[in-house]
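# What the coordinates show
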Amino acid sequence: MSKTVAFCTLGCKVNQYESEAVLEQFIQKGYRAVDFSESADVYVINTCTVTHLSDRKSRQMIRRAKQHNPKAVLVVMGCYVQTNPEAVQAISDVDILIGTTGRSRVPEAVERFLAEHKTVNFVEKEPACIFEGLTIDGSGQAHTRAYLKVQDGCNQFCSYCIIPYARGRIRSRSLADCVAEAQRLAKAGFLELVVTGIHLASWGRDSGEGDLSDLLQALEETDGPVRIRLGSLEPTLCTEAFVERLAGFDKLCHHFHLSLQSGCNATLKRMNRKYTASEYLQAVSRLRRAMPDAAITTDIMVGFPGETEVEFAESYNFMKTLELADAHVFKYSPRAGTVAAGMDNQIEPQVKEARSRKLLALAKAGREAFARRFVGSRAEVLFEQALEPGLYEGKTSNYLTVHTHSDTDLAGQLKEVLLTKCCGETIIGSLEK
């Protein structure tokens, strides 16, 4: 009987890609993947450290794994391990530690532990300085949407962010490598490819192979997936020339996630963000002029050190003016080792909570308003799953959630749908006859 492996992946799309790559390594060695809630021979927790809640969730999942099978081999990898290996090692029953370097060695580390029964620590003092050659072919996934990691690391050093310390400096995957993996995934049956990285906007800056639009051009011209979706972008990348080029790509999904963090210039300056609210607005306006149906979404933070009521009101009103399709709202979380953790005027938790609730309500209203715009129109929907017998859920190019009834299985299919009515932020659609 084959050995089993279970994964728990926390955090970003890059983490999801890396977990998939490691899972495929296990499958190639004869392991069978099972759900994390089941008993497994090996558990792999891919951790996140972007907030203190991420740290706590990582610790919870580490402890939960051995509850499922006390005899299992427990592997903990990723950003939390990289930045705080001592805290992870202090948790009982952790057998293998791997940071953000050397993830291709996870199956090797498991074999070593089983042979020696000693803790294996592969955490490097510094993150990698070259792009780690992880790859996926889709053998461990449902064949609808796949991630393509094209970049790692970040040089921005926003004052609140630990990620440059966890991931290291920017490094790009080669253009040829990106295209080759896109073709493999398309051949495996994936219809949509999500291009992702830690700081996606910096692709090519270190390698001299062009910029992100050059990569997208190459993916556009391959026999790759029907759709290409982008991960998070920097507003400063969205120049007139860049946006004009994006508008000419047939495969590119009209969904752009532009991180804002604050709509107040004074707060943005303390955050060490590289743009002003006005420059952010210009980026949004360019995208909307070029692609009127585009969904523009964002991340926004509340409770950054020194954020006064006046600054929050400025940020809130700016968000309201933007009328975005969605917003992920975060409460500032001090990260040891960052500049912001040592700043004066840290904000009380109850103030952060109150501000968060206001922005969450604004984000909900934005999702519903954006969905209502498209009632009565037609759109291609990539169906991902059956919610119940005969009811399927999928996404449009601009990331609207659509529910459609069908007597035939729609999962993994791209269909034209008439968008008939809204139920909150979800659209009900009917198949074209």
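Scope of this entry: the structure provided in the associated data block. Note that the coordinates shown come from a computational prediction; the quantities given were computed from them, not determined experimentally.

Before going further, it helps to spend a moment on the sheet that holds strand 4 (residues 73-78). With respect to topology, six strands assemble into an open sheet ordered 2-1-3-4-5-6, the strand pairing being parallel. Unpaired on one side and paired on the other, strand 2 (32-33) and strand 6 (120-121) mark the two borders of the sheet. Of the strand pairs in this sheet, strand 1 (residues 4-9) and strand 2 are connected by two bridges, and their pairing is parallel. Among the inter-strand pairings, Val 5 is bridged to a residue of strand 2, identified as Ala 33. Contacts from helix 1 (residues 13-28) reach strand 1, strand 2, strand 3 (42-47) and strand 4 within the one sheet, and its direction differs from that of strand 1 by about 175°. Of the strands in this sheet, strand 3, strand 4, strand 5 (96-98) and strand 6 touch helix 5 (residues 106-116), which is tilted by about 145° from strand 4.

If you look at the biggest cluster of nonpolar residues, it comprises 69 residues, and the most contacted ones within it are Tyr 160, Leu 212, Leu 230, Leu 246, Phe 256, Leu 258 and Tyr 280. Apart from the residues within four sequence positions on either side, Tyr 280 is in contact with Pro 235, Leu 258, Ser 259, Leu 260, Tyr 275, Thr 297, Thr 298, Phe 318, Leu 322 and Leu 324. Counting 22 residues, the second largest nonpolar core, distinct from the first, contains Leu 10, Ile 62, Ala 72 and Leu 74.

Counted by the stated rule, this structure contains 10 aromatic pairs. Seen from their ring centres, Phe 157 and Tyr 165 are 5.4 Å apart, and the 75° between their planes marks the pair as edge-to-face. Its relative accessible area of 26% is what places Phe 157 among the partly exposed residues. Using a relative accessible area of 39% as the deciding quantity, one classes Tyr 165 as partly exposed. With 6.3 Å between their ring centres and 70° between their planes, Tyr 280 and Phe 318 make a pair best called edge-to-face. Linking Tyr 280 in helix 11 (residues 277-290) with Phe 318 in helix 12 (residues 309-322), this pair joins segments that are 38 residues apart in sequence. Accessibility expressed as a relative area gives 14% for Phe 318, which makes it buried. Aromatic rings pair up to connect Phe 7, Phe 26 and Tyr 31 into one cluster. If you follow Arg 105 out to its NZ or CZ, it ends over the ring of Phe 122, 3.8 Å from the centre.

Procedures and definitions
- Residues numbered from 1 in each chain as written.
- Predicted model: local features only at pLDDT ≥ 70, side-chain atom pairs only at ≥ 80, totals over all residues.
- Heavy atoms only, no water.
- Pairing = 2+ DSSP bridges.
- Helix = DSSP H or I, 4+ residues; strand = E, 2+ residues; numbered from the N terminus.
- Contact = heavy atoms within 4.5 Å.
- Axes fitted to C-alpha atoms, helices over the stretch in contact; angles between N-to-C directions.
- Core = buried A, V, L, I, M, F, W, Y, C linked by side-chain atoms within 4.5 Å.
- Buried < 20%, exposed > 50% of the residue type's maximum accessible area, 1.4 Å probe, protein only.
- Phe/Tyr/Trp six-rings, centres within 6.5 Å; stacked < 30°, edge-to-face > 60°.
- Lys NZ or Arg CZ within 6 Å of the ring centre and 35° of its normal.

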